[in-house]
Amino acid sequence: MTGPHTAGPLVIGPDHPVVAELAHALGADVDRLPPVQPVADDHAWGWAEPLERWRDRAAAAWAVDAVVVSVPAVVTEPRPLAAVDPDEWTERVEGALATWVAALGAAKARCADGGAVVAVVDRPPPLDSAGWAPESGVADAVEALARSLARSEGPRGVRVNVVTGPGRVLPERIVAPAPSLPTFPGRLDAEVAGAVRLLLAPDASGITGTVVHADCGRSWR
Amino acid sequence: MSEAKVRRVVLVTGASGGVGRGIALACGRAGWTVWIAARREREAAEVALEVDRAGGRGHSVTCDAADRESVAGAVDAVVSCSGRLDGAVHNATSGLSPRPCDLAEVPMADVADHVAVSVRGTYLVAAAVHPHLVESSGALVVLTSEAGFEGKAKLPVYAAVKGAQRGLARALAREWGPEGVRVNAVAPLAATPAMSEAFERDPEMADRVLARNPLGRLGDATDDVGPVVRFLLSDDARYVNGLTVMADGASCPIT
């Protein structure tokens, strides 16, 4: 994409306090995704058409040098997967995946040549992931989507990376041993936003397809 | 409990061909009872006969992995007939898996199909087999892909659902471990009809895939991939949990 563009950063995400907080921390504008509502009939994907329309409109807008995508998890209580009912599954996983696909598809289209995309995803640390299978699945899907974009957009100089944060998807008591840093689980406007700024900066010009766990040393991978 | 004395009962989704068939035959070679769960009834029955010829006991049951009632019905049929379930393998994947797409333009209907078979299928199979695996101290294996680690430039949605399966398996291993049930994933690289279709659509892909593989060949579904899954289902792997095993000849640079 070589047309007119702005420096950004632009945050793409739903109308959600987490998205607003992240945008504020980054000094960014927000392009809001349409809401993905739970559906009465099982697995209907009633959100497909609004998401496609939004993506097509977003993709046609001016390019930006830096795009941040944030689709916060639908947080409930940790719950064994076998106890997750179909409607809850649809909202926590299928709606989330559809939204991420639309949002990262738009990010691909909006990001200017030589620019950078960062996906910010809630990810339960592996040690603490019991009861958070839906969010663990979505987080790994986002990682694979970002790496796919890193490959496809790399030839035009676009870098794509992921920042994970655990703060919204933790059990009441975490598994021993304690995380490395006493600041665990970190804050969205500090540790997570800091990692995003790092990956958007020119200093990260050689970093793409990478996942940075901004979780104070809880996940080493 | 010796596996020679007790005929292990396992169910494999999407086993009417490709990697699923290879897993079924590998389990059949060990003398196990193998249920071929697939939408294609006739092909599933044929693989069940192949399992018989391999030394096991083959059965088939119609199963749409994306449909809750179908999955529950298939698992009920297995337990009703065989009396137990020791292992389950979710291998079924969308027919769209080898078809390239652009993330900025992919129809949401295609995304829905990928998610339904791979991701929802994992959830539905897990929920249906869980009580039976608790009873047998059994194991669940989910078939993912190197795409779930490293992404694919032309197959981003396929890569996403394969990544999602890894995350689900990793969390389930922690969730089910206290109940004595193990959960692992396998990322195979094998010669399959889907791989052939992908090579036809992208002729340069074969060179790319083989050039980085130090073994210089695609895996065989029955001889290279099936035994890995069989191992993870067996008591020999009773201390292996929460792992994604790469059965890809060291093709993928990430593990």
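Residues numbered from 1 in each chain as written. Chains lettered and ligands numbered in written order. Predicted model: local features only at pLDDT ≥ 70, side-chain atom pairs only at ≥ 80, totals over all residues.

Q: A description of the overall build of chain A should follow, citing residues and the corresponding values.
A: From N to C terminus, chain A includes five helices and seven strands. Starting at the N terminus and ending at the C terminus, chain A contains elements arranged as β-β-α-β-α-β-α-β-α-β-α-β. Computed over the C-alpha atoms, the radius of gyration of chain A is 17 Å, within 12% of the 17 Å expected from 2.2 N^0.38 for a compact globule of 221 residues. Counting only C-alpha atoms and orienting by the principal axes, one finds that chain A spans roughly 50 × 45 × 30 Å. Counting over 221 residues, chain A shows a buried share of 53%. In chain A, the share of contacts with a sequence separation of at least 24, taken over all contacts with a separation of at least 6, comes to 77%. (Helix = DSSP H or I, 4+ residues; strand = E, 2+ residues; numbered from the N terminus. Rg over C-alpha atoms; globule rule 2.2 N^0.38 Å. Buried ≥ 20, exposed ≤ 12 C-beta atoms within 10 Å, placed from the backbone. Contact = placed C-beta atoms within 7 Å.)

Q: Any details on the overall build of chain B? Residues and values, ideally.
A: On a plain count of helices and strands, chain B comes out with nine helices and seven strands. Against the globule reference of 18 Å for 255 residues, chain B gives a C-alpha radius of gyration of 17 Å, in line with a compact fold. For chain B, the C-alpha atoms occupy an extent of roughly 50 × 40 × 35 Å along the three principal directions. With 255 residues in all, chain B has 59% of them scored as buried. Counted over contacts in chain B with a minimum sequence separation of 6, partners at least 24 positions apart contribute 73%.

Q: Lay out the nonpolar core with the relevant residues and their values.
A: By size, the foremost hydrophobic cluster in this structure holds 165 residues, and its most contacted members are Val69, Leu97, Val101, Val117 and Val196 of chain A together with Ile36 of chain B. It is helix α4 (residues 108-136) of chain B that contributes the most residues to this core, 15 residues altogether. Beyond its immediate chain neighbours, meaning those up to four positions away, Val101 of chain A contacts Leu103, Val106, Val111, Val157 and Ala160 of chain B. (Core = buried A, V, L, I, M, F, W, Y, C linked by C-beta atoms within 7 Å.)

Q: Mind laying out unusual backbone geometry, listing which residues take part and the relevant values?
A: Cis geometry marks the peptide bond from Ala176 of chain A to Pro177 of chain A; its omega dihedral reads 0 degrees. Structurally, Pro177 of chain A is set in the loop between β6 (159-165) and α5 (188-200). For the bond running from Phe184 of chain A to Pro185 of chain A, omega is 5 degrees, close enough to zero to count as cis. The residue Pro185 of chain A is located in the loop between β6 and α5 in this model. Its identity is not glycine, yet Cys216 of chain A carries a phi of approximately 60 degrees, on the positive side. One can find Cys216 of chain A in the segment after β7 (211-213). The backbone of Ser137 of chain B shows a phi angle near 50 degrees, a positive value even though the residue is not glycine. Overall, the presence of 14 C-beta atoms within 10 Å leaves Ser137 of chain B in the partly exposed class.

Q: Would you mind going over the interface of chain B and chain A in detail, with residue names and values included?
A: If you look at the interface, chain B gives 38 residues, while chain A gives 42 residues. Elements with a minimum of two residues in the side of chain B that touches chain A: α4, α5 (147-150) and α6 (156-176) of chain B. With 16 residues, α6 of chain B is the largest single contributor of residues to the side of chain B that touches chain A.

Q: I'd love a proper account of the sheet that holds strand β6 (residues 182-188) of chain B, names of residues and values included.
A: Residue and element names in this part refer to chain B. Here seven strands make up an open sheet; going across it, the order is β3-β2-β1-β4-β5-β6-β7 and the pairing parallel. Only two strands of the sheet have a single partner each, and these edge strands are β3 (57-62) and β7 (244-247). Between one strand and the next, the sheet's axes are offset by a mean angle of 20 degrees, whatever the strand orientation. Sheet analysis places strand β2 (residues 33-38) next to β3, joined by six bridges and oriented parallel. Across the sheet, residue Trp35 finds its bridge partner in β3, namely His59. Packed on one face of the sheet, helix α1 (residues 18-29) meets β1 (9-13), β2, β3, β4 (87-90), β5 (139-143) and β6 and runs near 170 degrees to β1. (Pairing = 2+ DSSP bridges. Axes fitted to C-alpha atoms, helices over the stretch in contact; angles between N-to-C directions.)

Q: Any chance you could break down the environment of Ser137 of chain B for me, citing the residues and the numbers?
A: All names here are of chain B. By the secondary structure assignment, Ser137 is in the loop between α4 and β5. Taking C-alpha positions, Ser137 is 24 Å from Met246, a pair spaced 109 residues apart along the chain. When neighbours within four sequence positions are excluded, Ser137 is seen to be in contact with Gly180 and Val181.

Q: Residue-level account of helix α4 (residues 133-153) of chain A, with values.
A: Between its first and last C-alpha, α4 of chain A extends 30 Å over 21 residues, near the 30 Å set by a 1.5 Å rise per residue. Of all 21 residues in α4 of chain A, 20 are buried; the element is thus mostly enclosed. (Expected span 1.5 Å × (residues − 1).)

Q: Give me the lowdown on the packing of helix α3 (residues 86-110) of chain A against α4 of chain B, citing residues and values where you can.
A: A packed helix pair is summarised by two numbers, namely the angle formed by the two axes and the spacing between the axes. Between α3 of chain A and α4 of chain B, the shortest axis-to-axis distance is 11 Å and the interhelical angle comes to 140 degrees. The orientation of α3 of chain A with respect to α4 of chain B, classified from their angle, is oblique. The crossing of α3 of chain A and α4 of chain B is right-handed. Contact residues: Trp89, Val93, Glu94, Leu97, Ala98 and Val101 of chain A in α3 of chain A; Met108, Val111, Val115, Val119, Arg120 and Tyr123 of chain B in α4 of chain B. Across the contact of α3 of chain A with α4 of chain B, the residue classes tally to ten nonpolar, no polar and two charged. (Parallel < 35°, antiparallel > 145°, perpendicular 65-115°, else oblique. Left-handed = near helix turned anticlockwise from the far one by under 90°. Nonpolar A, V, L, I, M, F, W, Y, C, P; charged D, E, K, R; others polar.)

Q: Now, about the environment of Arg230 of chain B: what can you tell me, with residues and values included?
A: Residue and element names in this part refer to chain B. With respect to the helices, strands and loops of the structure, Arg230 is situated in helix α9 (residues 221-233). You can call Arg230 buried: it has 25 C-beta atoms within 10 Å. Sequence separation between Arg230 and Glu105 is 125 residues; the distance between their C-alpha atoms is 39 Å.

Q: Could you give an account of the confidence of the model for chain A, with specific residues and numbers?
A: Within chain A, residue pLDDT values average 92, and 94% of them lie at 70 or more. When pLDDT is averaged over each helix and strand of chain A, the minimum, 70, is found for strand β1 (residues 5-6) of chain A and the maximum, 98, for α4 of chain A. (pLDDT = per-residue confidence, 0-100.)

Q: Just give me the short version of the confidence of the model for chain B, but keep the residues and values in it.
A: Of all residues in chain B, 98% have pLDDT values of 70 or greater, and the mean over the chain is 95. Taken over the whole predicted complex, pTM reads 0.95, whereas the ipTM for its chain interfaces reads 0.95.

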